[in-house]
Amino acid sequence: MSGDGDNAGGTGGVAGSRPAGTRTEREPAGAAPAGQARPGEAGAAADTGTAARLQKLFEGHRLTPTQRRIAHCMVRRAADAPFLSSVELAELAGVSQPSVTRFAVALGFDGYPALRRHLREVAPTGKPGGTGSVNEYQQAVEAEIDNLRQLAAALADPSPVIEAGRLFAASRPLPVLGLRAATAQAAGFSYFARKVHPDVRLLDEGGTMLTDRIDAAVRAGASALLCFALPRHPREVLDALAYAREAGLTVVTVADSAFAPVAHHTDLLLPAPVGTGLAFDTACAPMLLGRVLLESMCDALPDAQARLEEFDAKAAARGLFVE
């Protein structure tokens, strides 16, 4: 579930994608019972591997908004995807069953059965006792470890993060947006960013004042906006990002998936998967990606080290910390 009490499941993707998406329900009709592995599923590691294969499969295809919703659903349910019927997938994605068939054809298959057969053929083989030997809390931790491995693999190409850091360093002020479940990530980034950046403005409240605060940032000279967007995705986040781009800001978004709804309103999308094994989503990867972006911004700020040393000296003089 998300931080707002709604399960939306998340798996990251490839930076720079622009597909739209939708949320999914708690469990697909074909899901395996809790604690029991499906045939061809090796726990969280299998989920991550299947998600990567799905991303590769979808790349290079021009998909309609409805087909992107289906793709988004399949990425989030990566481990279940090879076992879902077309009816089950349609229900999860909130589309019609014929739309699922057209989606498979758009990917180059004769129909959905051929697509599902392909996914089963390339699915990783499960390890004996892979999920049955650990409890649900351990499974959630292991899933987050795999999410971090997926993030590490994505960071093998650091150029998107380096570009984002330069954009943040050049933006004075730097507005940072995060609503509902993403508030903690936005607040954490802003707290540390203020130690090295001269003007960071946290946008963590929605409503009619949000656009006013974006306007104020633009008038003050802002050139970029950082957004943390986690499921379930609030509609006002999409509206705010669209408004920010219309106002001339370059939007950089950390989202749970390259197929997240915010993708269409983002100039640079940086995916970081969320865990869905507990009652509420876990967001270790988005949090860590935020710290990576901080590091990149520090590298682009020539006076970052001097500001940190100044803060440390003042903190020591005030006895701010006990250690």
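Please refer to the structure higher up on the page.
What comes next concerns the included structure. (Residues numbered from 1 in each chain as written. Predicted model: local features only at pLDDT ≥ 70, side-chain atom pairs only at ≥ 80, totals over all residues. Heavy atoms only, no water.)

Turning next to the overall build of the protein. Within the protein one finds 12 helices and five strands. Buried residues in the protein amount to 48% of all 323 residues. Contacts in the protein between residues at least 24 apart in sequence constitute 74% of all its contacts with a sequence separation of at least 6. As displayed, the protein has an accessible area near 14,800 Å², and 53% of this comes from carbon and sulfur atoms. (Helix = DSSP H or I, 4+ residues; strand = E, 2+ residues; numbered from the N terminus. Buried < 20%, exposed > 50% of the residue type's maximum accessible area, 1.4 Å probe, protein only. Contact = heavy atoms within 4.5 Å. Areas by Shrake-Rupley, 256 points an atom, 1.4 Å probe, with all protein chains shown as cover.)

Take the pattern of salt bridges next. Within the structure shown, the criterion is met by five salt bridges. For Arg201, the salt bridge is made with Asp199, and the minimal N-O distance between the two is 3.2 Å. Residue Arg245 is joined to Asp267 by a salt bridge in which the shortest nitrogen-to-oxygen separation is 2.9 Å. Pair noted here: Arg245 is in helix 10 (residues 235-246) and Asp267 is in the loop between strand 4 (250-255) and strand 5 (268-271), with a separation of 22 residues, a long-range link. Exposure remark for Arg245: the relative accessible area of 33% places this residue in the partly exposed category. On the basis of relative accessible area, Asp267 is assigned to the partly exposed category, the value being 30%. (Salt bridge = Lys/Arg side-chain N within 4 Å of Asp/Glu carboxyl O.)

The next point concerns the packing of helix 9 (residues 209-219) against helix 10. The N-to-C vectors of helix 9 and helix 10 enclose an angle of 25°; their axes lie 10 Å apart at closest approach. The pairing of helix 9 with helix 10 is recorded here as roughly parallel in orientation. Crossing handedness for the pair helix 9 and helix 10: right-handed. Facing Leu210, Thr211, Ile214 and Asp215 of helix 9, the residues of helix 10 in contact are Glu236, Ala240, Tyr243 and Ala244. Residue composition of the contact of helix 9 with helix 10, grouped by class: five nonpolar, one polar and two charged. (Axes fitted to C-alpha atoms, helices over the stretch in contact; angles between N-to-C directions. Parallel < 35°, antiparallel > 145°, perpendicular 65-115°, else oblique. Left-handed = near helix turned anticlockwise from the far one by under 90°. Nonpolar A, V, L, I, M, F, W, Y, C, P; charged D, E, K, R; others polar.)

So, on to the pairing of strand 3 (residues 224-229). For a regular strand, side-chain orientation follows a simple rule: the groups alternate between the two sheet faces. In terms of burial, strand 3 is largely enclosed, as six of its six residues are buried. Alternating residues of strand 3 divide into Ala224, Leu226 and Phe228 and Leu225, Cys227 and Ala229, and every residue in both groups is buried. Sheet topology places strand 1 (residues 174-177) next to strand 3; two bridges connect them, and they run parallel. When the sheet's bridge partners are listed, Leu177 is paired in strand 3 with Cys227. The parallel pair strand 3 and strand 4 is bridged by helix 10, and the resulting crossover is right-handed. (Pairing = 2+ DSSP bridges. Right-handed = clockwise from strand over helix to strand, strands pointing away.)

In short, geometric facts, not functional conclusions.
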